[in-house]
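Spelled out, the chains give:
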Amino acid sequence: MSPSHPNLYICRSPLQLLNCIEACEKLGQTGGDNILLCAWRAELDRQLMQRLLDLYPRWSEVYFFSLYPTKNQIQPMLRILRRHRHFSKIFVGDTTHLINIFLNKLWHFESIYLIDDGASTIRRSALIANRSLHLLRKNGSPRSALSSLMQDALGLSPMFAYQAQFFTYYEIQHPELADKIVKNDLNFSKSHIREKPRSQEVWFIGSDIRQVVLENRDDYCDFLAQVHRKINLSKVVYIPHRKEPDHYLAKISKRFDMEVRRLDNILELELIHADALPQAFASFTSSALDTIDILAKSPITVFRIPASAIHETARSVYDDVYDAMARKGFDIIELDASSCTSITQQRHET
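Residues numbered from 1 in each chain as written. Predicted model: local features only at pLDDT ≥ 70, side-chain atom pairs only at ≥ 80, totals over all residues. Heavy atoms only, no water.

Colleague: Residue-level account of the pairing of strand S4 (residues 86–92), with values.
Modeller: It is a general feature of regular strands that their side chains alternate between the two faces of the sheet. With respect to burial, S4 is a largely interior element, six of its seven residues being buried. Sheet topology note: the S4/strand S5 (residues 108–115) ladder contains six bridges and is parallel. By the bridge assignment, Val92 is partnered in S5 with Leu114. Taking the sense of rotation as the criterion, the β-α-β connection linking S4, helix H4 (residues 97–106) and S5 turns out right-handed. (Buried < 20%, exposed > 50% of the residue type's maximum accessible area, 1.4 Å probe, protein only. Helix = DSSP H or I, 4+ residues; strand = E, 2+ residues; numbered from the N terminus. Pairing = 2+ DSSP bridges. Right-handed = clockwise from strand over helix to strand, strands pointing away.)

Right, dumping it as C-alpha cells:
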C-alpha cells in the first residue's frame, strides 16, 4: 500500500476519542489524511465529544453521528467506503456488528490498533491473548460453537482483533502480546497541562459500578460510608461518572454533606482547562485514574471493592484492574463486605 493512504479512527465514547487524538499525534503523521468516524450514544456523550473535537480540529474528514438506531451507522461508513477502501492504519476503540463487517470484509489496511477503552482494555487483552474474544458476547456470556462459526463467516465477530496492536497506557501482562504494545504517553494532553499549581481540593472520582458491577446497588452507599470513616467526605468534591443519575447523586450528597460537581468536560479535558490541579484523588475504580496518574501526578487512593460484592462474571476482571493499580503504586485500601446491606439481608434470610 502507498503511504498516501489515509488513516482511519473509529470511536464511540469521549475517552476513546481522546485516545484517538493521542494516536493521531503519535502515529498518524504519515503523509496521508486522518479520517475520524465518531459515534455517540447519549446526548451528554455528544456534547463531551464535541468539546474534544473543538480542542483538536485537525481531522481531514469527520463523520459524527448517533450510534443508534443501527441504520445511522450505514451512511457514514458507506460514504467512507465510496472514497476509500485502503488505509495505512486503522485505530479502533469499540465496535458494533456493522463496523466489524467493514473491518473484516470491506476495508483493507496495513496495520490496526486497539485504543484504550477503560477497564475493558484489560479484559479484552486477556481474551485476545488466549484467542477467545470471538467466542464471547460483549456482556461476557459465551456463544455456542455454531453461533461463533456463523458470526465469523458473516464477518460479524471481532476477528480483526487478533492481528491488532495495542495503543495503550496500561501495562499489558500477557507475554503473547509483548511485541504488540505501543505506549500511549498522553503527550498531546500533557503538552496542554504542563506545570500547574495545586488547589486544596481532593476529588473523589465516581464510576458506574453501582449499576453494572455491584451485585446489589445498595452496597454503593454502604461502601461510601466506609470511605467516610477514612476520609471526611464533607471535605471532598465528588466528581460523578457521566452515567450516574442526578437523583442518586442528590441522595449521597445529602447523606455525607458532600459537594457533587458534575464537570462540563471529560476529566482529562477539565484538567487541561483548569487553573489549578486537585492536590489528591480517590475512587472505588475508574479508568480516569490511569490518565490522572500520567497527567496530574497527584497522590491517588483506591478503595477496593471486595470480590463478594461484585457480579461473579466481573470478579476476575476487577481483580486484574485492582492488581494493575497496585503495580502503579496507588494507595489501595481494602473495603469490608460484611457491613453491606446485601450481606446483612443474606444473613437474616439464612
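Colleague: An account of the packing of helix H1 (residues 14–27) against helix H2 (residues 43–55) is requested, with residue identities and associated values reported.
Modeller: For any two helices packed against each other, the geometry comes down to the angle between their axes and how far apart the axes lie. Two elements in contact, H1 and H2, have axes separated by 9 Å at closest approach and are oriented at 15°. The angle between H1 and H2 places the two elements in the roughly parallel class. The element H1 and its partner H2 pack so that their crossing is right-handed. Contact residues: Pro14, Leu17, Leu18 and Ile21 in H1; Asp45, Leu48, Met49, Leu52 and Leu53 in H2. For the contact of H1 with H2, the residue count by class is eight nonpolar, no polar and one charged. (Axes fitted to C-alpha atoms, helices over the stretch in contact; angles between N-to-C directions. Parallel < 35°, antiparallel > 145°, perpendicular 65-115°, else oblique. Left-handed = near helix turned anticlockwise from the far one by under 90°. Contact = heavy atoms within 4.5 Å. Nonpolar A, V, L, I, M, F, W, Y, C, P; charged D, E, K, R; others polar.)

Colleague: Kindly report on the packing of helix H9 (residues 219–230) against helix H10 (residues 246–256), identifying the contributing residues and their values.
Modeller: Contact geometry of H9 with H10 gives a least axis separation of 11 Å together with a crossing angle of 30°. Both H9 and H10 take part in a crossing whose hand is right-handed. The residues of H10 that touch H9, namely those facing Tyr220, Cys221, Leu224, Ala225 and His228, are Tyr248, Ile252, Arg255 and Phe256. Considering only residue class, the contact of H9 with H10 consists of seven nonpolar, one polar and one charged.

Colleague: So what's going on with the nonpolar core? Which residues, and what values?
Modeller: One finds Ile90, Trp107, Phe284, Ile292 and Ile305 to be the most contacted residues of the largest nonpolar core, which totals 117 residues. Sorting elements by how many residues they give to this core places H1 first, with eight residues. Excluding its chain neighbours within four sequence positions, the residues that come into contact with Ile305 are Ile209, Leu214, Phe223, Phe284, Ile310, Tyr322 and Leu335. (Core = buried A, V, L, I, M, F, W, Y, C linked by side-chain atoms within 4.5 Å.)

Colleague: Give me the lowdown on the sheet that holds strand S3 (residues 61–66), citing residues and values where you can.
Modeller: The strand order across the open sheet formed by seven strands is S3-S2-S1-S4-S5-S6-S7, and the pairing between neighbours is parallel. In this open sheet, the two strands that pair with only one neighbour each are S3 and strand S7 (181–183). Between one strand and the next, the sheet's axes are offset by a mean angle of 20°, whatever the strand orientation. Across three bridges, strand S1 (residues 7–11) lies against S4 in parallel orientation. Bridge assignment links Ile10 to a residue of S4, and that residue is Val92. This element, H2, spans S1, strand S2 (34–40) and S3 of the sheet and lies at about 155° to S2. Along the sheet face, helix H3 (residues 71–83) touches S1, S2, S3 and S4 and points at about 160° away from the line of S3.

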